[in-house]
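Take a look at the letters that make up each chain.
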Amino acid sequence: MGAIDNAAGVLAAEIGEGGFWEDAYPVIPHPGELIVGIISFAILYLLYKRYVVPRLEAMLAERQRAIEGGIERAEAMQAEAKAALEQYRAQLAEARNEAAQIRDQARAEGQQILEELRVQAQEESARIVARGEEQIAASRQQVVNELRGQVGALAVELAGRVVGESLADDARRQGTVDRFLDDLDGMVGTGHGAVAAEGTR
Amino acid sequence: MTTVVSAAEEFVPPSAPDFWQPLIGDGAFAVTRAMVVMVLVTIGLAVVMMLATRRLAVVPGRGQFRLEGVYGLVRNSIGRDIIGTAHFRPYVPLLFTLFTLILVNNLMGIIPPVQFPTMSRIGFPLALALGVYVVYLVAGVRRRGLGGFLKNLVPSGLPFWVVPVVFVLELVTFLVTRPVTLTLRLFGNMFAGHILLLLFALGGEYLLLHGEGLLKLVSIPAFLMFFLFSAFEILISFLQAYVFILLASVYIAEVYADDH
Amino acid sequence: MEGNLAIIGYGLSAIGPGVGIGLIFAAYVSGVARQPEVRGVLQTIAILGFVLCEQLAIFGIALAFVFSG
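1. Topic: the overall build of chain C
Check the secondary structure of chain C and you find two helices and zero strands. Evaluated residue by residue, chain C yields a buried proportion of 30% over its 69 residues. For chain C, contacts bridging at least 24 residues in sequence account for 75% of all contacts bridging at least 6. A total accessible area of about 4300 Å² is found for chain C, and carbon and sulfur atoms account for 72% of it.

Structural data, given as structure tokens:
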């Protein structure tokens, strides 16, 4: 810079007439302009630092907050919607479950009723069959008893007639008849033994 | 411009003395046209910015939207992206001041009632560059201490005999080259751009007034070029403002870069 | 012929930056063409390179005025 200053000085001395600053090299700063430049710059800088930029920053921060708040709110709403959906789904599943359960229960009940009916019917039929058998057995017994009485009387009469002897003595007669019948039973028993034997005893 | 009017017959091309326009007084502390423009721009910017930021809404109006666009460019694309998210905040006012001041001053070179680019007087770019210079030196020394700052100039892992050379080179870069280039770039661009505009305007005027016959018609392309370069100057104005804060933030970012 | 040697010097000093700026923007254009999404990053880098290149031409014009006296 020193050399340039010297050169400028020489140049200014040579020209003289227009004044140093008119003919000075354009790269030599004019002190007054430099000072004004620095002062203007400093004032504007302080103003910006103190007021303009903090205000803008505050606004930007507030906007940031507002946007974040909006996002948060949206997220909350979404979560809520999701929860509602979840709840609805749960309810739906529960209802389905319940319906299935009811269906199962009904089916089981039906089965049970069917089973009960079948058992009842069986019991009934068994009872009817049993009573029939009983009746048959009873009437057979009755017939056997009647027959025994009649056969006894007939046989005695026949024998009395054949033998011609009155069988007055009851006890003896009873014994004879019984013996006869037993023999008869024994004879018959070889053929139709089972039924006859059962009937007699 | 007075030279052209006085020398009616001979064309005098625009040159450096055209930029010396003292309004009051003469000499080292004369009030020049550039000074008046600078002061007016500063006051205008201060008033506009204070009014514009008085009521800031979360949902911006049209004016605020534009202001935010400019502020966002300075703050996010330059400050945050280059200096880094952790450290850029203290430097936003500096960058924003530089950007608006340079941009408006440069545009004053084209806007009709003023038409004088303040930054074509080297004192003003020098003032701004000195501001940046002080800021990045102070930030560097404050972060690492004077010793650490000097030590950090030299990248580690160099052979010992290279260290002094690199140290001197880096020191010169830091202390001289950077502020000088910062100043000269802005000054040179505005100065050369304005000389070019003057050349087309004065040349066209000369051809129109003093040309003979068909030569008068040549003034038409000259004026066309004047308009073309005016448009180009708008681009340059913006680019130079952008570049100035870009470099300022690169220099500041170097303070916070942990390796060299 | 009249003129000034300093202006020739400026012309010479503008050659290098001219070539350099051309290369920088050529690389920028092809970079953006290949990957349009990194435009923002590339733009900053391209302008930074452009500025560092242009610096030489600016030195040239400043020194041309210094030595044109």
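2. Description of the overall build of chain A
Along the backbone of chain A there are four helices and zero strands. Residue pairs at least 24 apart in sequence account for 36% of intrachain contacts in chain A once pairs closer than 6 positions are excluded. If you sum the accessible surface of chain A, you get close to 15000 Å²; carbon and sulfur atoms cover 58% of it.

3. Thoughts on the side chain of Thr 183 of chain B
Checked against the element boundaries, Thr 183 of chain B lands in helix H6 (residues 163-210). For Thr 183 of chain B, a relative accessible area of 3% gives the class buried.

4. Digging into the packing of helix H1 (residues 5-34) of chain C against helix H2 (residues 39-67) of chain C
All names here are of chain C. Their axes nearest at 8 Å, the elements H1 and H2 cross at an angle of 175°. Here H1 lies roughly antiparallel to H2, going by the angle between them. Here the residues of the contact of H1 with H2 sort into 18 nonpolar, six polar and two charged.

5. Quick word on the pattern of salt bridges
On inspection of all chains with the given rule, the structure shows ten salt bridges over all chains. For the salt bridge of Glu 115 of chain A with Arg 118 of chain A, the shortest nitrogen-to-oxygen distance reads 3.6 Å. Placement of the pair is Glu 115 of chain A and Arg 118 of chain A together in helix H3 (residues 31-163), with a separation of three residues, close to one helical turn. Glu 54 of chain C is the partner of Arg 185 of chain B in a salt bridge, and the nearest nitrogen-oxygen pair spans 3.8 Å. Of this pair, Arg 185 of chain B sits in helix H6 while Glu 54 of chain C sits in helix H2, placing the two residues on different chains. For Arg 185 of chain B, a relative accessible area of 3% gives the class buried.

6. A word on the interface of chain A and chain B
The interface is formed by 34 residues belonging to chain A together with 49 residues belonging to chain B. Interface area, chain A with chain B, both sides summed: about 3700 Å², of which 75% is carbon and sulfur. A per-residue breakdown of the area chain A buries against chain B is headed by Glu 33, Phe 41 and Tyr 48 of chain A, which together make up 19% of the total. Connecting chain A to chain B are four salt bridges. A salt bridge links Glu 68 of chain B to Arg 63 of chain A, with the nearest nitrogen and oxygen atoms 2.9 Å apart. In this structure, the connection of chain A to chain B is made through nine residue pairs in polar contact (both at pLDDT 80 or more).

7. Details of the confidence of the model for chain C
Overall, the predicted model of chain C reaches an average pLDDT of 86, with 94% of residues at or above 70. Confidence estimates for the predicted assembly give a pTM of 0.68 and an ipTM of 0.84.

8. So, the environment of Thr 97 of chain B
Within the fold, Thr 97 of chain B resides in helix H4 (residues 92-107). Overall, the relative accessible area of 0% leaves Thr 97 of chain B in the buried class. Sequence separation between Thr 97 of chain B and Ile 245 of chain B is 148 residues; the distance between their C-alpha atoms is 9.5 Å. Excluding residues that lie within four positions of it along the chain, Thr 97 of chain B makes contacts with Phe 41, Leu 44, Tyr 45 and Tyr 48 of chain A.

9. Observations concerning the packing of helix H5 (residues 123-151) of chain B against H6 of chain B
Residue and element names in this part refer to chain B. Axis separation between H5 and H6 bottoms out at 8 Å; the angle between their running directions is 160°. Comparing the axis directions of H5 and H6 gives the class roughly antiparallel. For the pair H5 and H6, the crossing hand works out as right-handed. The residues of H6 that touch H5, namely those facing Pro 125, Leu 126, Ala 129, Val 132, Tyr 133, Tyr 136, Leu 137, Phe 149 and Leu 150, are Phe 167, Leu 171, Phe 174, Leu 175, Arg 178, Pro 179, Leu 182, Thr 183, Leu 186 and Phe 187. Residue composition of the contact of H5 with H6, by class: 17 nonpolar, one polar and one charged.

10. Some words on the packing of aromatic side chains
Residues and elements named next belong to chain B. One pass over the full model with this rule turns up 15 aromatic pairs over all chains. Here Tyr 133 and Tyr 136 contribute two aromatic rings whose centre-to-centre distance is 6.1 Å and whose plane-to-plane angle is 90°, an arrangement assigned as edge-to-face. Here Tyr 136 and Tyr 133 lie together in helix H5, a separation of three residues that amounts to about one turn. Considered together, Tyr 133 and Tyr 136 belong to a single accessibility category, that of buried residues. Between Tyr 136 and Phe 174, the aromatic rings sit 5.6 Å apart at their centres with planes inclined by 75°, giving edge-to-face as the arrangement. You can see Tyr 136 sitting in helix H5 and its partner Phe 174 sitting in helix H6, a full 38 residues away along the chain.

11. A few points about the nonpolar core
Phe 96, Leu 98 and Phe 244 of chain B are the most contacted members of the largest nonpolar core, which totals 86 residues. Looking at this core, the elements with two or more residues in it are H3 of chain A, helix H2 (33-52), helix H3 (62-83), H4, H5, H6 and helix H7 (219-256) of chain B together with H2 of chain C. Here this core gets 14 residues from one element, more than from any other, and that element is H7 of chain B. Once you skip the residues sitting within four places of it in the chain, Leu 98 of chain B turns out to touch Phe 41 of chain A together with Leu 128, Val 132, Phe 244, Ile 245 and Ala 248 of chain B.

Quick notes on the rules
Residues numbered from 1 in each chain as written. Chains lettered and ligands numbered in written order. Predicted model: local features only at pLDDT ≥ 70, side-chain atom pairs only at ≥ 80, totals over all residues. Heavy atoms only, no water. Helix = DSSP H or I, 4+ residues; strand = E, 2+ residues; numbered from the N terminus. Buried < 20%, exposed > 50% of the residue type's maximum accessible area, 1.4 Å probe, protein only. Contact = heavy atoms within 4.5 Å. Areas by Shrake-Rupley, 256 points an atom, 1.4 Å probe, with all protein chains shown as cover. Axes fitted to C-alpha atoms, helices over the stretch in contact; angles between N-to-C directions. Parallel < 35°, antiparallel > 145°, perpendicular 65-115°, else oblique. Nonpolar A, V, L, I, M, F, W, Y, C, P; charged D, E, K, R; others polar. Salt bridge = Lys/Arg side-chain N within 4 Å of Asp/Glu carboxyl O. Buried area = accessible area lost by both parts, 1.4 Å probe. Polar contact = N/O pair within 3.5 Å; in protein donor to acceptor, adjacent residues only side chain to side chain. pLDDT = per-residue confidence, 0-100. Left-handed = near helix turned anticlockwise from the far one by under 90°. Phe/Tyr/Trp six-rings, centres within 6.5 Å; stacked < 30°, edge-to-face > 60°. Core = buried A, V, L, I, M, F, W, Y, C linked by side-chain atoms within 4.5 Å.

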